[in-house]
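Observations on the three-dimensional arrangement
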Amino acid sequence: MKGCKGIRNPAFVASSPDSPRRLCPLPCSVEVSVLSTNPLREGSQPQEPQEPQKSPEPPLSSVTPPGSQERSGPESLSEYEEGPCGWGNFQPQCLQCCNTPQGFLFHYCLLALTQGMVVNGLVNISISTIEKRYELKSSLTGLISSSYDIAFCLLSLFVSFIGERGHKPRWLAFASFMIGLGALVYSLPKFFSGKYQFGSLFEDTCLTAKNKTTCTASSSSLFYYLYVFILGQLLLGTGGTPLYTLGTAFIDDSVPTHKSSLYIGIGYSMSILGPAVGYVLGGQLLTVYIDADLGQSIDITEDDPRWLGAWWIGFLMSWLFAWSLIIPFSCFPKHLPGTAEIQDGKTSQIHQSNSLQHTDGNFGQSFKDFPAALKNLMRNTVFMCLVLSTCSEALVTTGFATFLPKFIENQFGLSSSSAATLAGTVLIPGAALGQILGGILVSKFKMPCKNIMKFALLMSITALTLTFVFVYANCENEPFAGVSESYNGTGKLGNLIAPCNANCNCLRSYYYPICGGNGIQYFSPCYAGCTNSVSKRHPKVYYNCSCIERKTEVTPTPSSFSFEAQAGKCSSQCKNLPVFLGIFFAAIVFTFMAGTPITVSILRCVDQKQRSLALGIQCVLLRLLGTIPGPIIFGITIDSTCILWDVNECGIKGACWIYNNIKMAYMLVAISVTCKIITIFFNGLAVFLYKPPPLGTDVPYQNQNSVVTTVSLECDLSKAGNDG
């Protein structure tokens, strides 16, 4: 008599040679536990029955083969649709060399690089140019920047839930299309807004005959291009959603457990290098005139404040590059060859808790399961602790990514471009190196889930100790006329106007610092009372400045080496910059060394079929609690240290020109330490709460929902007899 056939239940499937075999006994209504005490392994022979009362065990051929749960039955037949690389019946042999985890990772890295280059590189570096060209306020350009996160938050949960059982590589092809389309739409205002009219040159010196400007409110039709930029960012956000949820889950599917962290770390490091490429490319393109495509000659140079660069070229390049990745992603199969075998070799490390609802094999097939899936993940305390730790870390990292150049510029008296270059030199390589090192160490030592979380905790503690470098880096403000120094004994502190410049009609909204020969910094040549300048020298020099004490009148000539002031800030006496950059680089490395391990821990502690949704929840909370409020909190904190504001002709306060350096340093330390402590608290809580599956129960991924399931089988004896 043959054993029972046609019965499919997750509790009765052996998915690896070392896992217990589940046998189907003949007697009816027999309670069978998943954890068999008499496993029958491959290669073993079924024993003959010793007593006639006992039912004989089925032959080896009737035992469900490894992994057959996922490859048998109508609803699970496509669970691991491994196949060749190609489109339908067109499967060129030359493409099969790419049908590997390494081939997929290569294209994933290219897409992550492109996405990071556009969203965090080209968009950021072009913001100031777009403000000037389309006459937009900073608050409106801030709305443009936030549009990406808005789209990501709205779509992340739904895309990650629906795409989990879908064709993930095709979702990434869709992501490539949307990222390319978003970049194309973002560049369109250039082609519909007409030629740029740069107007007349602004005179920065003291002219007593200059008419005083009046408060006027003007509106421009260029304002409506704001909605085109927002649409472009929404499309970019739509494209970024599958990349960091479904793409990460697909990589984790396709490689063994101990290699997953290495692959994910490499992929994430490319998304960090993307902004660096965007800044370098965008910076070079801004040296090209904005209307270079019209082929007309102009008589202004980059040093002219009216100059606007070709911000749009980088977006067109990104559009073409992103769309070139659609074809490679569309040719990948639903699962790479060997995925089923890799999954058979994995064991579940899901967090064990009585509050978690165990799901069956069909869970997640319908969108009706979405609320239950969401609730199940939110009740996973370890998962939520890990997500909250990443949120606090994201808050501080995005804050520094935004304001570190401003900190360096003010503390060490550097120009904006030099400060941005140094900040990028520290942040980008440090973050990329940290992601890769974290992935390599976790992969090399083959850490289980709990040890991975302990490793991330250790890295966060190390980064916390290095954060106090800001206390060491604080520097006193340099002498500034009208702020910390008087105008040769005249005027009042806190007031830029003094008798020496009262008749110059200077604009407080035009900040162009110069350094006097007396070592004192002035707000602009006009506020220094300078009436003459020589622009052919670099830096530009000024003469006959009424607010700078001098002995004789100077006749300006291009060959003259004697001057009273020169463009730019005075050299800072603070010599701590090299030490600060070195220690802060180490802090960034250790901070991001915890990034990849935390992501891997999230993938391990949740149900295998809910990993994409888990990453979607992480991305939503990461933005709602981290990347969106981070720059806002940092901005408010830094503004609280301002000692000189920009006030325009209408009396409206604008940007801050001068900060209290000491106060700024201590405020940044306070924010950083607070966020680091929150990160460490939730990391430590996750380590404390995590409960791995009991020892000796190496349950494969496919069976992780059936560990504690007991089922009752009803065998049809008459059918079994007929089959026999």
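Residues numbered from 1 in each chain as written. Predicted model: local features only at pLDDT ≥ 70, side-chain atom pairs only at ≥ 80, totals over all residues. Heavy atoms only, no water.

Our next topic: the overall build of the protein chain. Counting secondary structure elements, the protein chain contains 21 helices and 9 strands. Classification of the 724 residues of the protein chain by burial places 51% in the buried group. Relative to all contacts within the protein chain whose residues are 6 or more apart in sequence, the contacts with residues 24 or more apart total 78%. As displayed, the protein chain offers around 32500 Å² of accessible surface, 61% of which is attributable to carbon and sulfur atoms. (Helix = DSSP H or I, 4+ residues; strand = E, 2+ residues; numbered from the N terminus. Buried < 20%, exposed > 50% of the residue type's maximum accessible area, 1.4 Å probe, protein only. Contact = heavy atoms within 4.5 Å. Areas by Shrake-Rupley, 256 points an atom, 1.4 Å probe, with all protein chains shown as cover.)

Here the focus is the environment of Val159. Along the chain, Val159 turns up in helix H3 (residues 138-163). When the C-alpha positions of Val159 and Trp171 are compared, they lie 9.1 Å apart, and in sequence the two are 12 residues distant. Ignoring any residue separated from it by four or fewer positions in sequence, one finds Val159 in contact with Trp171, Thr241, Pro242 and Leu246.

Right, let's get into the environment of Phe682. In this fold, Phe682 is placed in helix H20 (residues 661-689). Distance in space between the C-alpha atoms of Phe682 and Met384 is 8.8 Å, their sequence separation being 298 residues. When near neighbours in sequence (up to four residues on either side) are disregarded, Phe682 contacts Cys385, Leu388 and Ser389.

Attention now moves to empty space enclosed by the protein. Taken as a whole and assessed by the stated rule, the structure comprises 6 cavities of 30 Å³ or more. If you trace the largest cavity, you find it lined by Val396, Thr397, Phe400, Thr467, Phe470, Phe584, Ala587, Ile588, Thr591, Ser672 and Lys676. Of all the secondary-structure elements, those providing two or more residues to the lining of the largest cavity are helix H12 (381-412), helix H16 (577-593) and H20. Looking at which element gives the most residues to the lining of the largest cavity, the answer is H16, with 4 residues. (1 Å grid on protein atoms, 1.4 Å probe; cavity = no way out; pocket = protein on both sides within 12 Å on 5 of 7 lines; lining within 4 Å. Points joined across faces, edges and corners; volume = space filled by probe spheres on them.)

What follows concerns the environment of Gly654. Assignment of secondary structure puts Gly654 in strand S8 (residues 653-659). Taking C-alpha positions, Gly654 is 8.1 Å from Ser509, a pair spaced 145 residues apart along the chain. Those residues in contact with Gly654 that sit more than four places away from it in its chain are Trp645 and Asp646.

One pass over the full model with this rule turns up 6 disulfides. At a sulfur-sulfur separation of 1.8 Å, the disulfide partner of Cys206 is Cys504. Given an S-S torsion of about -80°, the disulfide between Cys206 and Cys504 has left-handed geometry. With Cys206 in the loop between helix H5 (189-192) and helix H6 (226-254) and Cys504 in the loop between helix H15 (469-473) and strand S2 (514-516), the pair connects residues that are 298 residues apart, well separated along the chain. A sulfur-sulfur separation of 2.0 Å characterises the disulfide bridge that pairs Cys500 with Cys547. Of note, the bridge from Cys500 to Cys547 carries an S-S torsion of about 100° and is right-handed in sense. Here Cys547 lies in the loop between strand S5 (541-545) and strand S6 (565-567) and Cys500 lies in the loop between H15 and S2, a separation of 47 residues in the sequence. Among the residues examined, Cys500 registers a relative accessible area of 21% and is labelled partly exposed. The class of Cys547 is buried, set by a relative accessible area of 0%. Unpaired in terms of disulfides, Cys449 finds its nearest cysteine sulfur in Cys605, a separation of 5.6 Å. (Disulfide = S-S within 2.5 Å.)

If you look at the biggest cluster of nonpolar residues, it comprises 94 residues, and the most contacted ones within it are Phe104, Tyr186, Trp311 and Phe383. Considering each element in turn, this core owes the most residues, 14 residues, to helix H2 (residues 101-134). With near-sequence residues (within four places) excluded, Trp311 lies in contact with Ser126, Thr129, Ile130, Tyr134, Tyr186, Ser187, Lys190, Phe229, Leu286 and Ile290. Judged by nonpolar contacts, the second largest core, of 41 residues, contains Val396, Val426, Phe634 and Ala665. (Core = buried A, V, L, I, M, F, W, Y, C linked by side-chain atoms within 4.5 Å.)

Attention now goes to the sheet that holds S5. Here we have 5 strands laid out as an open sheet, ordered S3-S2-S6-S5-S4, and antiparallel in their pairing. Unpaired on one side and paired on the other, strand S3 (521-522) and strand S4 (530-534) mark the two borders of the sheet. Relative to S6, S5 is paired through 2 bridges, and the arrangement is antiparallel. When the bridges of S6 are listed, Tyr542 appears paired with Ala565. (Pairing = 2+ DSSP bridges.)

Moving on: the packing of aromatic side chains. Evaluation of the coordinates by the stated rule reveals 32 aromatic pairs. Where Phe191 meets Trp312, the ring centres are 5.4 Å apart and the plane angle is 75°; that geometry is what we call edge-to-face. Of this pair, Phe191 sits in helix H5 while Trp312 is found in the loop between helix H7 (257-285) and helix H8 (313-324), placing the two residues 121 residues apart along the sequence. With relative accessibility at 8%, the residue Trp312 sits in the buried group. Centre to centre, the rings of Phe412 and Phe580 are 5.9 Å apart; their planes meet at 40°, and the pair counts as tilted. Of the two residues, Phe412 is situated in helix H12 and Phe580 in helix H16; the sequence distance between them amounts to 168 residues. By relative accessible area, Phe412 is classed as buried at 4%. (Phe/Tyr/Trp six-rings, centres within 6.5 Å; stacked < 30°, edge-to-face > 60°.)

Attention shifts here to H8. Here H8 is 12 residues long and its end C-alpha atoms lie 17 Å apart, about the 16 Å a rise of 1.5 Å per residue gives. Taken residue by residue, H8 has Gly314, Phe315, Leu316, Ser318 and Ala322 as its buried positions. Buried-residue contacts for H8 involve H2, helix H4 (168-187), H5, H7 and helix H9 (326-331). (Expected span 1.5 Å × (residues − 1).)

A few words on the pattern of salt bridges. Close approach of charged atoms allows side chains with opposite charge to pair. Enumeration according to the criterion identifies 9 salt bridges in this entry. For Lys168, the salt bridge is made with Asp253, and the minimal N-O distance between the two is 3.9 Å. You can see Lys168 sitting in helix H4 and its partner Asp253 sitting in helix H6, a full 85 residues away along the chain. A relative accessible area of 3% places Lys168 in the buried class. (Salt bridge = Lys/Arg side-chain N within 4 Å of Asp/Glu carboxyl O.)

This brings us to a nonpolar patch on the surface. Together, Leu143, Ile150, Leu154, Leu155 and Leu234 make up a nonpolar patch on the protein surface, roughly 390 Å² of accessible area in all. Top contributing element to the nonpolar patch by residue count: H3, with 4 residues. Among the secondary structure elements, Leu143 is positioned in helix H3. (Patch = residues over 30% accessible without salt bridge, like charges linked within 9 Å, V, L, I, M, F, W, Y side chains within 5 Å.)

This paragraph deals with helix H11 (residues 370-378). Buried residues of H11: Phe370, Ala373, Asn376 and Leu377, and no others. The arc that holds every buried residue of H11, seen down its axis, measures 125°, which confines them to one face. (Arc of directions from axis to C-beta.)

This paragraph deals with unusual backbone geometry. Of note in the backbone geometry, Asn505 takes a positive phi value of approximately 55° without being a glycine. Along the polypeptide, Asn505 turns up in the loop between H15 and S2. A relative accessible area of 27% means that Asn505 is categorised as partly exposed. Positive phi, close to 50°, is recorded for Asn544, a residue that is not glycine. By the secondary structure assignment, Asn544 is in strand S5.

Moving on, we get to the packing of helix H18 (residues 611-627) against helix H19 (residues 629-639). The geometry of H18 relative to H19 is characterised by a closest axis approach of 5 Å and an angle of 5° between their N-to-C directions. Considering the angle they form, H18 stands roughly parallel to H19. On H19, the residues touching Arg623, Leu624, Leu625, Gly626 and Thr627 of H18 are Pro629, Gly630 and Pro631. Residues of the contact of H18 with H19, tallied by class, amount to 4 nonpolar, 3 polar and 1 charged. (Axes fitted to C-alpha atoms, helices over the stretch in contact; angles between N-to-C directions. Parallel < 35°, antiparallel > 145°, perpendicular 65-115°, else oblique. Nonpolar A, V, L, I, M, F, W, Y, C, P; charged D, E, K, R; others polar.)

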